[in-house]
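Examination of the molecular architecture
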Amino acid sequence: MLRHSSLLWHYTYGAVFTALCAFAGLIGLVAFQLEDSMARQEKELLELSQSRLLEKLDADVKLAGTRLEFLFQDRLRRVNSIAERVDTEKVLVSRNVVAISELLGPAAELADVDGIVVLDEEGRVIGASSYKADLVALGARLPDFDFHADILTSLKESYPGNKLTISTVQPVRSTGVFVPSDKVNSVSQIVFTPVFDDFGYVVGGLLAQRWLRPHEPLLVDLAEINHFELAILHGETVTSRAKFDGGLADLASSPSKASITADGKRVIKCGPLVSPLSACALMPIEALTETQNELTRIGTEEEAKLLKWLFLFGILTLIAFATVAFLLARQITRPLTKITRVLSGIAAGDFENEVVGTERHDEVGDIARSVVSLQRSVKERDALRARVHEKNVILRSQEAQLREQNILFDAALNNMSHGLCMFDVDGKLIVSNQRFLELFELDGDAVRPGMTAEELAGLQHVEPVEKEKPDYSEARITSGRLSSGMQSTEMVKIRSGRIVLTTRQPLSDGGWFAISEDVTERQAARDRLAYLARHDILTHLPNRIEFRDQMELLLKRQQIHGGEFAILCLDLDEFKTVNDSLGHPIGDELLRQVADRLRQLTDDGELVVRLGGDEFAILMDLPSSPHQADELAQSVIWELSQPFQIADHEIVIGVSIGITIAKGDGTAGDELFKQADLALYRAKEDGRSTHRFFEAGMGTVVNERRELITDLRNAIANGEMELYFQPQYSLQDYSVTGFEALVRWNHPSRGLVSPADFIPLAEDTGLISPLGEWVLKEACRIAADWPQHLRVAVNLSPRQLRGHAFGPILVETLVKTGLRADRLELEVTENVLLTDAEEVLEALHQAKSLGVKVSMDDFGTGYSSLSYLRRFPFDKIKIDQSFVRSMAYSDDSISIVKAVIELAKNLNMTTTAEGVETLQLLDMLVEIGCTEAQGYYLGRPMPLSEIKGLIQNERRTPALVVQ
């Protein structure tokens, strides 16, 4: 029977009492801490809620200012675009008040401007966008405006490269009303921009006025999105509002709390906007207290629940603790009593008693086994003494042999080209060579055998560069043992900047050795190759590989976190023209400047890449909305449309952008990129310098275009192409002088396809070369049967004149068809001459040497017509139909046509006027001395079957032409 005072009961009572005291203290401490925490939490939540709400309102005020600033800048750009229109300059020069009103009235409405006043070059009022404007009164009041001096400065000092525009916000008492309007408010934006003529001189300017709306849509949308009320103030007047239906009294602040309104219903934050305006942002007071009250309630409930479960857990823990303590104490006291008897026997010289408990694996078992060891040690003590003496003799002999081997080993070790150090199973240094000390710039006295790997690592002032195949727990050499059969490599940078690669190899006994080498040059070459693989050499932007990898990472993050992100595909407009006309070095520099502007426009989370050529892409980070993508696209279009200054050239290009939104619906990365590319194609079709979002129907348009291209490839072989001929008349006797050959496509299912649809496709796909060759041969074959004085005119594409293939084709055509060379007329546009000018001129000179006539088509619509007239002896100039048609109502067009005809006469060239559609135009051309004419009035393009009768009756009068 156990004694009540034994170790068993003392151990059990002490453990239970200690656990009970600890539990009681824990319960009290938890209850006190919870109560104090809830009180502080309630106070801090209220302060934090108010602070966060005020920060949000302050951000809303600043955002409203940014939106208002954007609105003013947008109106300035719109008025500036009106001023840059050709018809604006013409009507301003005309000084015709009625024409000014008729032109600027719709333009002002389209630009969302309430009134536009036209000033001449001296700053005098000469017209307005509405007949209601009192021009006399406005002219008398204009010198009193604060900005009148700036207007005069702009008129005097502006020039095309430095246009001085004015944008200011003025109260109604300072400006009055330019044009009567139902939108008059207390504040308006005043915009002035000068107008230049064709020679770059200022001929006047546009002074526009736009009233701030009582409910400005841009600010209303902002208030709806961010869920707040907004009031725009001018002095003591609420001049504009968004979701705010109160008055000035509702904006007064409480005397005790400046952030709360006087009526206590709202939280308010006011700040300046665009001078002289200020703004106040408001939110209901319920937004401040709602969250704080809910959090306080939840905290109280959780406190009570925690205390309840903590008490129940403590009771169960005490019961379990007492039971375990009793059982453990019983397992200890019984074997200890028996072991005590054995120790008493050892003290008396009895070493044969059996020790119980040696099979146990706890402390009692350790004591039992120690007693057994003690019994054995006494018996073996004398035998051990003899064996130790024998071992000492053997060790002295082995030590002498090792000393000789170490001398040879040190000589080989210190002459290695690699650094080496070896560690034993305990991580202590066994040996190292001189090259290891040199690589890590260590003092030889500081490194000694026996020091641990951690101590050696402490001497090395290195910076980790790269680590591969980690095989043990620490980042560098540690005291831990290397796992059997595993190895690792580590790359570090020492103080001198050199890079050292260390390879660690395990040994069979559990130690390891490390071999180090200098890999600075090898690593530099590797880093350079890695950079080149993922970046564009010209612009230093990431390339297509990096773009795809980042896109895949975003798609994986999207699957986890949700949200949307946008992909923008960019293609520069007119870049090929710059590259071809100014050369590739200028084009390369232009690409670098474009890349720099794109970097400045994007944030850290947005990736700008160059896909190749003049194609770029922007990958927006998660989360990004369509609205953010739209704003970024508008910023990119605006920034890249600004002139680039390269060498002595001012270059203006544009950019088209296609946008797709990754919505997290499982669409693959390649498909998303394809969608953005389709949207880019739509942006180019819609006029370029714009952006479009991907829509589901865009793929259908591309498929139709692809089908049309496929059909076009087989159109010539299938005999679907046909030539139409439009007659050309001499204006001296109204006789037919020749025909212009025009190609038509009779599609088996689509019917007659317009040249405007398939000619651009042929240009883009390169099919224009075989198509143009067929037109040339077919036109010459047909014209060979006509009377010898009739000519045939054939249009040429830039692709036909490149290389050296056109000359042989032309010679072969003339030989096979038998057409006399002087009856063939080749028509080229200025765009043909602009591309590879020297190569094109060589081909045209070759045609000229054969006797073929060469004419310049669409004269006056290109870039450098006069320079090409000087460089190549054209036989004819074809006046573009845009000038001819406008002769009926524009004196300027008549002057231009007269000048072209006079120029042609001086250069011994004939002239053909295109687009003659009325008898009035025909008479005017005869009067000013034009040589030939063609147009719908004289004859439409017609098939070969209809021109035979026209050839038989060549001479016609104007009356017959009408018939």
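A few points on the structure.

About the thresholds
Residues numbered from 1 in each chain as written. Predicted model: local features only at pLDDT ≥ 70, side-chain atom pairs only at ≥ 80, totals over all residues. Heavy atoms only, no water. Core = buried A, V, L, I, M, F, W, Y, C linked by side-chain atoms within 4.5 Å. Buried < 20%, exposed > 50% of the residue type's maximum accessible area, 1.4 Å probe, protein only. Helix = DSSP H or I, 4+ residues; strand = E, 2+ residues; numbered from the N terminus. Contact = heavy atoms within 4.5 Å. Phe/Tyr/Trp six-rings, centres within 6.5 Å; stacked < 30°, edge-to-face > 60°. Pairing = 2+ DSSP bridges. Axes fitted to C-alpha atoms, helices over the stretch in contact; angles between N-to-C directions. Parallel < 35°, antiparallel > 145°, perpendicular 65-115°, else oblique. Left-handed = near helix turned anticlockwise from the far one by under 90°. Nonpolar A, V, L, I, M, F, W, Y, C, P; charged D, E, K, R; others polar.

**Things to note about the nonpolar core**
In this structure, Trp786, Leu824 and Leu925 are the most contacted members of the largest nonpolar core, which totals 81 residues. Sort the elements by how many residues they give to this core and helix 20 (residues 768-783) lands first, with 8 residues. Every residue in contact with Leu824, bar those within four places of it in the chain, is listed here: Leu776, Cys780, Val792, Val794, Leu810, Leu814, Leu819, Val852 and Lys853. Counting residues in hydrophobic clusters, the runner-up holds 32 residues, among them Leu591, Val594, Leu640 and Ile653.

**Quick word on the packing of aromatic side chains**
Enumeration over the complete set of coordinates arrives at 7 aromatic pairs. Here Phe145 and Phe147 contribute two aromatic rings whose centre-to-centre distance is 5.2 Å and whose plane-to-plane angle is 40 degrees, an arrangement assigned as tilted. Residue classification places Phe145 among the buried residues on the basis of a relative accessible area of 5%. Given a relative accessible area of 5%, Phe147 falls into the buried group. Aromatic side chains Trp745 and Phe758 sit 5.7 Å apart centroid to centroid with 85 degrees between the ring planes, which places their arrangement in the edge-to-face category. In this pair, Trp745 is assigned in strand 24 (residues 736-747) and Phe758 in helix 19 (residues 755-765), connecting sequence segments 13 residues apart.

**Examining the pairing of strand 26 (residues 791-795)**
Within strand 26, 4 of the 5 residues are buried, which leaves the element mostly enclosed by the surrounding structure. The pairing of strand 24 with strand 26 spans 3 bridges and is classified as parallel. Within strand 26, the residue paired with Glu740 across the bridge is Ala793.

**With respect to the packing of helix 27 (residues 891-906) against helix 28 (residues 919-928)**
Orientation of helix 27 relative to helix 28, taken along the N-to-C sense of each, is 45 degrees, at an axis distance of 10 Å. Relative to helix 28, helix 27 is oriented oblique. Note that helix 27 runs across helix 28; the crossing there is right-handed. Residues Ile894, Val897, Lys898 and Ile901 of helix 27 lie in contact with helix 28, whose contacting residues are Met924, Leu925 and Ile928. The class makeup of the residues in the contact of helix 27 with helix 28 is 6 nonpolar, no polar and 1 charged.

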